Amino acid sequence: MIALVALAVSGCSVEVEPGQTPEASSGTIDLAVAETCDEGSDPQCVPIDGQYVTNPETFRTATVEDVVVAEHDGHSAVDLTFAADGEAVLKSLTQEVAQAGSDARLVMKIGDEIRSAVAVPEPVIGNAMTIPMSSTDSAQDAVDLILND
């Protein structure tokens with residue numbers, strides 16, 4: 001999980017499968033800052049990625065310039081490239097999370113569902129991010145939801 005968290009916020013992207021030439025597409029993703037919590041401690045404490053975080057009251061929308069399904073070592077992921085305004089939101093929130101300490105998480109909502117909550121040791125540099133998907137989530141479904149927002 002630690003490797004996946006580092007990958008999710010590093011700004012690096014995983015490689016697209018050979019022969020796969022996805023078309024550029026745009027959409028949005030919602031981002032917020034949340035704190036970890038103990039299971040059952042609060043009605044707003046929700047499970048995400050094997051941990052519990054407070055459900056943020058507000059999210060900021062980040063415009064995505066390009067979004068594609070990617071595979072890396074048999075794991076599905078979603079590669080995002082943010083537009084200028086989306087990059088500003090990403091940088092601002094990752095800086096806030098990094099400064100808040102080890103209990104803070106960057107929460108990513110795709111469609112109406114929180115899909116990821118990751119620790120951010122330092123602010124993201126650049127406009128790209130990879131969201132690793134769990135084995136029960138479909139990367140293509142996530143891409144479709146991002147494109148439809």
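Structure: above.
Residues numbered from 1 in each chain as written. Predicted model: local features only at pLDDT ≥ 70, side-chain atom pairs only at ≥ 80, totals over all residues. Heavy atoms only, no water.

1. Structural notes on the overall build of the chain
Then step 1. Tallying secondary structure elements over the chain gives 3 helices and 8 strands in all.
Then step 2. The N-to-C order of helical and strand elements in the chain reads α-β-β-β-β-β-α-β-β-β-α.
Then step 3. Out of the 149 residues belonging to the chain, those deemed buried represent 41%.
Then step 4. Pairs at least 24 residues apart make up 66% of the contacts formed inside the chain by residues separated by at least 6 positions. (Helix = DSSP H or I, 4+ residues; strand = E, 2+ residues; numbered from the N terminus. Buried < 20%, exposed > 50% of the residue type's maximum accessible area, 1.4 Å probe, protein only. Contact = heavy atoms within 4.5 Å.)

2. Description of the nonpolar core
Then step 1. If you look at the biggest cluster of nonpolar residues, it comprises 27 residues, and the most contacted ones within it are Ile29, Val78, Leu80 and Leu106.
Then step 2. Of all the elements in the fold, those that place two or more residues in this core are β1 (27-35), β4 (60-72), β5 (75-82), α2 (84-100), β6 (104-110), β8 (128-132) and α3 (139-148).
Then step 3. With residues near it in sequence (within four places) discarded, valine 78 still touches Val67, Val68, Met129, Thr130, Ile131, Met133, Ala139, Ala142, Val143 and Ile146.
Then step 4. Ala34, Val53, Val107 and Ile114 belong to the second-largest nonpolar core, a separate cluster that totals 6 residues. (Core = buried A, V, L, I, M, F, W, Y, C linked by side-chain atoms within 4.5 Å.)

3. Notes on the pairing of β8
Then step 1. In terms of residue burial, β8 counts as a mostly covered element, since 5 of its 5 residues are buried.
Then step 2. The alternating pattern of β8 places Ala128, Thr130 and Pro132 on one face and Met129 and Ile131 on the opposite face, and all of these are buried.
Then step 3. In terms of strand pairing, β5 meets β8 through 5 bridges, oriented antiparallel. From the neighbouring strand, leucine 80 faces β8, where its bridge partner is methionine 129. (Pairing = 2+ DSSP bridges.)

4. Topic: the sheet that holds β6
Then step 1. With antiparallel pairing, the 6 strands of this open sheet are ordered in space as β7-β6-β1-β4-β5-β8. The open sheet has two edge strands, β7 (113-118) and β8, and neither has a second partner. This sheet shows a mean twist of 40 degrees between the axes of neighbouring strands, independent of strand direction.
Then step 2. Examined bridge by bridge, β1 and β4 share 5 bridges and lie antiparallel to one another. Paired with isoleucine 29 across the two strands is alanine 62, which belongs to β4.
Then step 3. Across the face of the sheet, α3 comes into contact with β1, β4, β5, β6 and β7 while running at roughly 155 degrees to β4. (Axes fitted to C-alpha atoms, helices over the stretch in contact; angles between N-to-C directions.)

5. Here's the deal with α2
Then step 1. End to end, α2 covers 24 Å across 17 residues, agreeing with the expected 24 Å (1.5 Å per residue, within 8%).
Then step 2. Of the positions making up α2, those classed as buried are Gly86, Val89, Leu90, Leu93, Thr94 and Val97. Relative to the axis of α2, the buried residues are bounded by an arc of 120 degrees and lie together on one face. Away from its buried face by more than 90 degrees, α2 exposes Ala84 and Gln99.
Then step 3. Contacts made by the buried residues of α2 are with β1, β4, β5, β6 and β8. (Expected span 1.5 Å × (residues − 1). Arc of directions from axis to C-beta.)

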